[in-house]
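Reading the structure
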Amino acid sequence: MHEHIERVLVTYGTANGSTPQIAGAIADVLNKAGLRAEPRLARFVASVEPYDAVVLGSGLYAGHWHRYVRRFVRRHRRALSERPLWLFSSGPLDDSASRGDIPPTPSVRRIADQLHAREHVTFGGCLKENAQSRGARMLVRSGKGGDFRDFPAIEQWAEHVADEILLASWQRPDRRR
Ligand SMILES: Cc1cc2nc3c(=O)[nH]c(=O)nc-3n(C[C@H](O)[C@H](O)[C@H](O)COP(=O)(O)O)c2cc1C
């Protein structure tokens, strides 16, 4: 019999290139757990329909997700709200995200509510000298740079997401096995 493997879209937005590695680490954990996870830049995702579940995240810029992630949310609002959905933000340039839970910014909170997301988590961010925008380089020059991504914490969260997706797939009455 054909076994249905849950397909999970791990999609994200980035300005300076540090969030893709977070999405990649999440997808790796989901794949190891027996799911079929694909990390994709939100800008290049044409449809959410093929996926059974979605993990969506972005770097934070003045309290907002990247504009093309916000556009992705508007375009795919219905499909996203119909699927099990987990959200992450990557931002704080200090170890505050590793020390405790940081709530979503008001802008991200609105998205979480609209899409009926299961959960939101904030991970530490990363900002280096090679940053693209003038604002980013100014932050680095003012001493705000560094890599605060906590990969053990990211992997731990991804394991928890994998458990929930697998549990839901086993409990679904229409599951194809
Ligand atoms: C212009 C600018 C504004 C930022 N604003 C915030 C913010 O409001 N809150 C926050 O936690 N981090 C903020 N950050 C930090 C970024 O979210 C962090 O560097 C993140 O890792 C960016 O992801 P990326 O490398 O994928 O673009 C800001 C960074 C820049 C460059």
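What comes next is a walk through the structure. (Residues numbered from 1 in each chain as written. Predicted model: local features only at pLDDT ≥ 70, side-chain atom pairs only at ≥ 80, totals over all residues. Heavy atoms only, no water.)

Let's shift gears to the overall build of the chain. Across its full length, the chain holds seven helices and eight strands. For 177 residues, the compact-globule estimate of 2.2 N^0.38 gives 16 Å, and the chain sits close to it at 16 Å. Seen through its C-alpha atoms, the chain measures out along the principal axes to roughly 60 × 30 × 25 Å. By residue count, 45% of the 177 residues in the chain fall in the buried class. Relative to all contacts within the chain whose residues are 6 or more apart in sequence, the contacts with residues 24 or more apart total 79%. Of the charged side chains in the chain, 27 are positive and 20 negative; the average position of the first set lies 10 Å away from that of the second. (Helix = DSSP H or I, 4+ residues; strand = E, 2+ residues; numbered from the N terminus. Rg over C-alpha atoms; globule rule 2.2 N^0.38 Å. Buried < 20%, exposed > 50% of the residue type's maximum accessible area, 1.4 Å probe, protein only. Contact = heavy atoms within 4.5 Å. Lys, Arg positive; Asp, Glu negative; His and termini not counted. Charge placed at Lys NZ, Arg CZ, Asp CG, Glu CD.)

Right, let's get into the nonpolar core. Formed by 25 residues in total, the largest nonpolar core has its most connected members in V8, V10, I26, L30, V55, F88 and W157. Taken together, the elements giving at least two residues each to this core come down to β1 (7–13), α1 (19–32), β3 (53–61), β5 (85–90), β6 (119–123) and α7 (151–171). V8 has contacts with L30, L35, R36, A37, E38, Y51, A53, V54, V55 and I165, leaving out every residue within four places of it along the chain. Listed in part, the 20 residues of the second largest apolar core include L9, F72, A79 and L87. (Core = buried A, V, L, I, M, F, W, Y, C linked by side-chain atoms within 4.5 Å.)

If you trace the backbone, R74 turns up in helix α2 (residues 67–75). Taking the C-alpha atoms as reference, R74 lies 9.4 Å from I111; in sequence the two are 37 residues apart.

Quick look at unusual backbone geometry now. With phi around 50 degrees, A62 is a residue other than glycine that occupies positive phi space. The residue A62 is located in the loop between β3 and β4 (64–65) in this model. Residue A62 is classed as exposed on the basis of its relative accessible area, which comes to 80%. Phi angles above zero are rare outside glycine, and H116 is one such case at about 55 degrees. Mapped onto the fold, H116 is located in the loop between α5 (106–114) and β6. A relative accessible area of 58% means that H116 is categorised as exposed.

Looking now at the site of the ligand. The local shell around the ligand holds 20 residues, among which T14, S18, T19, L60 and Y61 are the closest. Between the ligand and the protein, one listed contact pairs an oxygen atom with a backbone N or O atom of P92 at 3.1 Å. Here the element with the most residues in the shell around the ligand is β3; it accounts for three residues. Looking at side-chain class alone, the shell around the ligand contains ten nonpolar, ten polar and no charged residues. (Near = heavy atom within 4 Å. Polar contact = N/O pair within 3.5 Å; in protein donor to acceptor, adjacent residues only side chain to side chain. Nonpolar A, V, L, I, M, F, W, Y, C, P; charged D, E, K, R; others polar.)

All right, on to the packing of aromatic side chains then. A full pass over the atoms with the stated rule returns three aromatic pairs. Here the aromatic rings of F88 and F123 are separated by 6.0 Å at their centres, their planes lie at 45 degrees, and the arrangement is tilted. With a gap of 35 residues between them, F88 in strand β5 and F123 in strand β6 connect regions that are remote in the sequence. Residue F88 shares its accessibility class with F123, and that shared class is buried. Plain terms: the ring middles of F123 and W157 are 5.7 Å apart, the flat faces sit at 75 degrees to each other, and that makes the pair edge-to-face. Pair noted here: F123 is in strand β6 and W157 is in helix α7, with a separation of 34 residues, a long-range link. Assigned by exposure class, F123 and W157 land together as buried. Taken together, the ring pairs connect F88, F123 and W157 into an aromatic cluster. Residue placement shows R7 over the ring face of Y51; its charged tip is 5.0 Å from the ring centre. (Phe/Tyr/Trp six-rings, centres within 6.5 Å; stacked < 30°, edge-to-face > 60°. Lys NZ or Arg CZ within 6 Å of the ring centre and 35° of its normal.)

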